[in-house]
Amino acid sequence: MANVVIVVGAQWGDEGKGRIIDLLTPSVDAVVRFQGGANAGHTVVIGDTRTVLHLVPSGILHAGCLCVIGNGVVLDPKVLIDEIEGLHSQGYLKDPKMLAISGNAHLVLPYHRQIDQLREERLGGARIGTTGRGIGPAYEDKASRQGIRFGEMIDPHAFRSRLEQVLPEKNELIKLLGGIPVNIDDICEEANEWRIKLSHHLTDTALLLNRYIEQGKKILFEGAQGTMLDIDHGTYPYVTSSNTVAGGACCGAGIGPTKIDDVLGIMKAYTTRVGEGPFPTEEKGAIGEMLQSRGKEFGATTGRKRRCGWFDSVILRYSIRVNGITMLSLTKLDVLTGINPLKICIAYEIDGKRIDYLPSSKFEFSRCKPIYEELNGWKEDITNIKRIEDLPSATRLYINRLAELAGVPIAIVSTGFERSAHIMLKDPFA
């Protein structure tokens, strides 16, 4: 029986991690965000209500579950306050003690957002496809030891002192990029509101989580984005600014790797990505448009259309390797209903050579052409099916083939947008 499980995206993000975490939360005592920032968008649909979470862990929709924002997250106070107030309006987070924020989490401040947006504008056709939320510049400051942490914001004098140290250089950069310098008094005035509304969430989260583990409590670590957007292991430079892989949970939450029991990888039944960068199985014609429309493939953070294509098992195997994935969850299977035939990428061809691995060079990866295997599709509605044996035979064949290519068992199959639309083959915490 597992007590500590990490959930990661096995593709380019947007795999449906939020809904799977929401599904598993009744079995756990805490859900932890360990990296990323407000560039993440986890969507949970309950009845007619669609809730999008950017910073607060998806477990917040269940009373009694402790939600933790770990030290590896970069925190935009304004976005977080808006999100908390939105949750309050829906009747969630009635007990403020159920949200704990690490004092070591770095802040995303107004100058980070401006620098991010100005840089992207200057790149023009060579742009990365950033969300413009200031995530990259905030992680830059963390690495260069110029960052300001959540715990420092609580003390107004310490906060202003830190701003006086770093802001002159930031304003010079903003001017160089063609922007308008940021006023220190404006930031400090905003911070007064942040302090009032957020200071009571300040917690030594690493100590808290390790005590939970010692007590045998169940913890779910919630990854943001996906493996292929990892700063080290993704399709660099078209990546995010943090480690999205499972190893990032240990650094981003302050627990040791020996405490982890399982890693659950989330994968769509097809493939999507937002932003720029190579995408071997992308379909730019009718199939891509159909997947985009049926799957409601719009970025939860930016609203941008997601690029869509066939399932890529080469990427999946790579994700399994770098994350140590022990089980998988398959989402949005219902989106494929009525498409015939279905294609699965089983290898690539590059310069006339067949390969079954991901090239390390972005130049090579951009030249990879998918080698497909075709399977029959199905026409039957699968959204209300609760047992795997009741699925159409073609659907079961598709699931089994993905599991065979992965070499890892599929534990959960999602068959629709609703919270109840899933088939649980193996509960990670049971």
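Residues numbered from 1 in each chain as written. Predicted model: local features only at pLDDT ≥ 70, side-chain atom pairs only at ≥ 80, totals over all residues. Heavy atoms only, no water.

> Residue-level account of the nonpolar core, with values.
Residues Ile6, Phe221, Met267, Leu328, Leu333, Leu336 and Tyr398 are the most contacted members of the largest nonpolar core, which totals 56 residues. Of the residues forming this core, the biggest block, six residues, is contributed by helix H13 (residues 393–406). Residues in contact with Tyr398, not counting those within four places in the same chain, are Ala269, Phe311, Leu333, Leu336, Leu342, Ile344, Leu375 and Trp378. (Core = buried A, V, L, I, M, F, W, Y, C linked by side-chain atoms within 4.5 Å. Buried < 20%, exposed > 50% of the residue type's maximum accessible area, 1.4 Å probe, protein only. Helix = DSSP H or I, 4+ residues; strand = E, 2+ residues; numbered from the N terminus. Contact = heavy atoms within 4.5 Å.)

> How would you sum up the pattern of salt bridges? Please name residues and give values.
The full count for this structure, using the stated rule, is 21 salt bridges. Of the charged contacts, one joins Asp14 and Arg306 as a salt bridge, the two residues approaching to 3.3 Å between their closest N and O atoms. With Asp14 in the loop between strand E1 (4–9) and helix H1 (17–24) and Arg306 in the loop between helix H10 (286–294) and strand E13 (307–309), this residue pair connects regions lying 292 residues apart in the sequence. Relative accessible area serves as the criterion here: at 23%, Asp14 is assigned to the partly exposed category. Of the charged contacts in the structure, one is a salt bridge between Glu373 and Arg401, with a shortest N-O distance of 2.6 Å. Of this pair, Glu373 sits in strand E18 (residues 369–375) while Arg401 sits in helix H13; the two residues are 28 residues apart in sequence, bridging distant segments of the chain. Assessed through its relative accessible area of 21%, Glu373 is described here as partly exposed. Judged by its relative accessible area of 18%, Arg401 falls in the buried class. (Salt bridge = Lys/Arg side-chain N within 4 Å of Asp/Glu carboxyl O.)

> Describe the environment of Cys250, with residues and values.
Of note, Cys250 is situated in helix H9 (residues 247–253). C-alpha separation for the pair Cys250 and Ile260, spaced ten residues apart in sequence, amounts to 8.7 Å. Apart from the residues within four sequence positions on either side, Cys250 is in contact with Ile255, Gly256, Pro257 and Ile260.

> Tell me what's going on with the packing of helix H2 (residues 77–89) against helix H7 (residues 184–198), and back it up with residues and numbers.
Between two packed helices, both the angle of their axes relative to each other and the distance between the axes serve to describe the pair. Contact geometry for H2 and H7: axes closest at 10 Å, N-to-C directions at 45°. One way to sum up the angle between H2 and H7 is to call them oblique. Handedness of the crossing formed by H2 with H7: left-handed. Between H2, through Pro77, Lys78, Leu80, Ile81, Ile84 and Glu85, and H7, the contact on the second element is made entirely by Glu190, Glu193, Trp194, Lys197 and Leu198. When its residues are assigned to classes, the contact of H2 with H7 shows six nonpolar, no polar and five charged. (Axes fitted to C-alpha atoms, helices over the stretch in contact; angles between N-to-C directions. Parallel < 35°, antiparallel > 145°, perpendicular 65-115°, else oblique. Left-handed = near helix turned anticlockwise from the far one by under 90°. Nonpolar A, V, L, I, M, F, W, Y, C, P; charged D, E, K, R; others polar.)

> Can you tell me about the pairing of strand E2 (residues 30–33), naming the residues and giving the values?
Consecutive side chains of a regular strand alternate in pointing toward one face of the sheet and then the other. The alternating pattern of E2 places Ala30 and Val32 on one face and Val31 and Arg33 on the opposite face, and all of these are buried. As paired strands, E2 and strand E5 (residues 66–69) are joined by four bridges and run parallel to one another. Note on E5: the bridge partner recorded for Val31 is Cys67. Bridging between E2 and strand E10 (residues 219–222) involves four bridges; their strand directions are parallel. Residue pairing in the sheet places Val31 in a bridge with Leu220 of E10. (Pairing = 2+ DSSP bridges.)

Any link to function would need more than the numbers given here.
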